[in-house]
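Breakdown of the fold
Residues per chain are reported as follows:
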Amino acid sequence: LFRSLAAGASVAQTPVAPTSAPAAPQLPDLYAPQSTTATVPMRVEVVTSTTFRDVETKQLYRLYGVDACDANQTATFGKQTWPCGVVATAWLVNVTLNRWVACTPIRQTETLKLGRCATGEIPDLAAEMLKLGHAITLPSPEDRLIPTYTQLEKDARAAYRGIWASSFQMPWTFRQQASPPTKP
């Protein structure tokens, strides 16, 4: 059956008696995934808590759909202050150090590729960061194309994992307030 599907032959379907539940959508006889433009696996150096650079090509990559504390940012757990940016960055260094990383770009500019990135051990680095509470989903609609990310953040928040156990400022607000005002 698998060989005949792969060769393009169709499979006859047995009629099913109608039920009260709605029928599942019919799948085509032959499924072919859309081609992806994943990068060749690369070694990377971490630049920020969500950004890294290919050590050979120097191309800059950012994890799509998420943000994490800035390098100088802290959070407060009870009466203790802790460096949430350093923790998020250290996590990314730990999971990419001496490992091959591959990314599927979603969007790009001249200098930066935003994408879903993986290692051999972690199939989606941004999803894992969200699950552990090291990252936050970005608020803009163009950064919310992966619905799973929202659910992973909700689950981490409900379980008080990572950053969600602390008081903190959203990273984009922290950066905006930390940058000096521009003069006209």
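Below is a short write-up of the structure. Keep in mind the model is a prediction, meaning the values are calculated, not measured. (Residues numbered from 1 in each chain as written. Predicted model: local features only at pLDDT ≥ 70, side-chain atom pairs only at ≥ 80, totals over all residues. Heavy atoms only, no water.)

**Brief notes about the overall build of the chain**
Looking only at helices and strands, one finds five helices and nine strands in the chain. Counting across all 184 residues of the chain, residues that qualify as buried make up 33%. For the chain, the proportion of contacts with a sequence separation of at least 24, taken over those separated by at least 6, is 58%. Split by element, the accessible area of the chain, about 12100 Å² in all, is 58% carbon and sulfur. (Helix = DSSP H or I, 4+ residues; strand = E, 2+ residues; numbered from the N terminus. Buried < 20%, exposed > 50% of the residue type's maximum accessible area, 1.4 Å probe, protein only. Contact = heavy atoms within 4.5 Å. Areas by Shrake-Rupley, 256 points an atom, 1.4 Å probe, with all protein chains shown as cover.)

**Description of the sheet that holds strand β7 (residues 102-108)**
Pairing in this open sheet of five strands is mixed, and the strands run β1-β2-β3-β8-β7 from one edge to the other. In this open sheet, the two edge strands, each paired with only one partner strand, are β1 (44-46) and β7. Each adjacent strand pair in this sheet contributes to an overall mean axis angle of 40 degrees, direction not counted. Bridge count for strand β2 (residues 51-54) against strand β3 (residues 60-63) is three bridges, and the pairing is antiparallel. Bridge pairing in β3 places Arg53 opposite Leu60. Sheet strands touched by helix α3 (residues 125-132): β2, β3 and β8 (112-118). Its angle to β3, the strand with the most contacts, is close to 40 degrees. (Pairing = 2+ DSSP bridges. Axes fitted to C-alpha atoms, helices over the stretch in contact; angles between N-to-C directions.)

**Describing the packing of aromatic side chains**
Counting across every chain of the model gives two aromatic pairs. Their ring planes at 75 degrees and their centres at 5.3 Å tell us that Trp164 and Phe168 sit as a pair that is edge-to-face. Trp164 sits in the buried class, given a relative accessible area of 8%. Here the basic side chain of Arg43 rests over the ring of Trp100, its NZ or CZ set 4.0 Å away from the ring centre. (Phe/Tyr/Trp six-rings, centres within 6.5 Å; stacked < 30°, edge-to-face > 60°. Lys NZ or Arg CZ within 6 Å of the ring centre and 35° of its normal.)

**Section: the environment of Arg99**
Tracing the backbone shows Arg99 in the loop between α2 (84-96) and β7. Note: C-alpha distance between Arg99 and Gly120 (21 residues apart in sequence) is 7.6 Å. If we ignore the near neighbours within four places in the chain, the residues touching Arg99 are Met42, Arg43, Asn94 and Glu121. Looking at Arg99, its side chain comes within polar contact range of the side chain of Glu121, at 3.2 Å. (Polar contact = N/O pair within 3.5 Å; in protein donor to acceptor, adjacent residues only side chain to side chain.)

**Observations regarding the packing of α2 against α3**
As a packed pair, α2 and α3 sit with axes 12 Å apart at the nearest point and diverge in direction by 135 degrees. In terms of their interaxial angle, α2 and α3 are classed as oblique. With respect to the hand of their crossing, α2 and α3 are arranged in right-handed fashion. Mapping the contact onto sequence places Ala88, Trp91, Leu92, Val95 and Thr96 in α2 and Leu125, Glu128, Met129 and Leu132 in α3. Looking at the contact of α2 with α3 residue by residue, the class counts come to seven nonpolar, one polar and one charged. (Parallel < 35°, antiparallel > 145°, perpendicular 65-115°, else oblique. Left-handed = near helix turned anticlockwise from the far one by under 90°. Nonpolar A, V, L, I, M, F, W, Y, C, P; charged D, E, K, R; others polar.)

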